[in-house]
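Reading the structure
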Amino acid sequence: PILNKVLELDPENTPARLQLLNFAVKEENTDQIIDICKRAIEYTPEVLEYYYYLGLTYHQKERTNDALDIFKKGVRQITPDSDKAIASDFYAIMGDLYHIKGMNKDAYAAYDSALVYKDDNIGALNNYAYYLSIEKIDLDKAEEMSYRTVKAEPTNGTYLDTYAWILFEKGKYVEAKIYIDQ
């Protein structure tokens, strides 16, 4: 109640709104997250966290078009001073959303942008590599990206599985078996 009163008096109070958002995220109250973020974007559109949580919440609710729209608006707020990891995540999630919509060319462009901001974005590397391998295109690039994920997290089953699959697609069956067994 106190934070809501603060925002009533000062709607541009970012620390108060972020604290309110933090409570909603911890409670996994998706309707409250949506409400907080939508209002926040009206008052402080430069704060990337609001786009991030609103887009993620829409994505969780399988509102793909809404999520994609929010992330597109969010990337327009990225500046040279923005956190590179958040900017990278915006593009990585956009890549996932474009893939869901069957817009693979746009997905790959988004993943490329994610990797420009943070070249070791493991989630982007893994998903990008996997989707390339599913289409059986640019398998050398997919293998290189996937290998980086395995090197970063050698016990992660998802990354091992992706790498094994790419090796299998390339006809490297002995190596593929080693990684799939792991």
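My aim in this report is to walk through the structure given alongside it, one point at a time. (Residues numbered from 1 in each chain as written. Predicted model: local features only at pLDDT ≥ 70, side-chain atom pairs only at ≥ 80, totals over all residues. Heavy atoms only, no water.)

With that settled, consider the overall build of the protein chain. Helix and strand counts for the protein chain come out as eleven helices and zero strands. Along the chain direction, N to C, the helices and strands of the protein chain fall in the order α-α-α-α-α-α-α-α-α-α-α. The 182 residues of the protein chain split such that 42% are buried. In the protein chain, the proportion of contacts linking residues at least 24 apart, taken out of those at least 6 apart, comes to 45%. Surface exposure of the protein chain reaches about 10,100 Å², of which carbon and sulfur atoms provide 50%. Counting 21 positive and 31 negative side-chain charges, the protein chain places the centres of these two groups 2 Å from one another. (Helix = DSSP H or I, 4+ residues; strand = E, 2+ residues; numbered from the N terminus. Buried < 20%, exposed > 50% of the residue type's maximum accessible area, 1.4 Å probe, protein only. Contact = heavy atoms within 4.5 Å. Areas by Shrake-Rupley, 256 points an atom, 1.4 Å probe, with all protein chains shown as cover. Lys, Arg positive; Asp, Glu negative; His and termini not counted. Charge placed at Lys NZ, Arg CZ, Asp CG, Glu CD.)

What follows is about the layout of surface pockets. Its boundaries defined by the atoms lining it, the largest pocket holds a volume of some 210 Å³. For the largest pocket, the full set of lining residues is N4, L7, E8, P11, R17, L20, Q32, D35, I36, R39 and Y43. Per element, the largest residue contribution to the lining of the largest pocket is five residues, and it comes from helix α3 (residues 30-43). Along the lines of polarity and charge, the residues of the lining of the largest pocket split into five nonpolar, two polar and four charged. (1 Å grid on protein atoms, 1.4 Å probe; cavity = no way out; pocket = protein on both sides within 12 Å on 5 of 7 lines; lining within 4 Å. Points joined across faces, edges and corners; volume = space filled by probe spheres on them. Nonpolar A, V, L, I, M, F, W, Y, C, P; charged D, E, K, R; others polar.)

Under the counting rule described, the total for this entry stands at twelve aromatic pairs. Taking 4.7 Å as the distance between ring centres and 90° as the angle between the ring planes, the aromatic pair formed by Y163 and Y179 counts as edge-to-face. Of the two residues, Y163 is situated in helix α10 (residues 157-169) and Y179 in helix α11 (residues 173-181); the sequence distance between them amounts to 16 residues. The same class applies to Y163 as to Y179, namely buried. An aromatic cluster of three or more residues is present, and its members are Y108, Y111, Y128, Y130 and Y131. (Phe/Tyr/Trp six-rings, centres within 6.5 Å; stacked < 30°, edge-to-face > 60°.)

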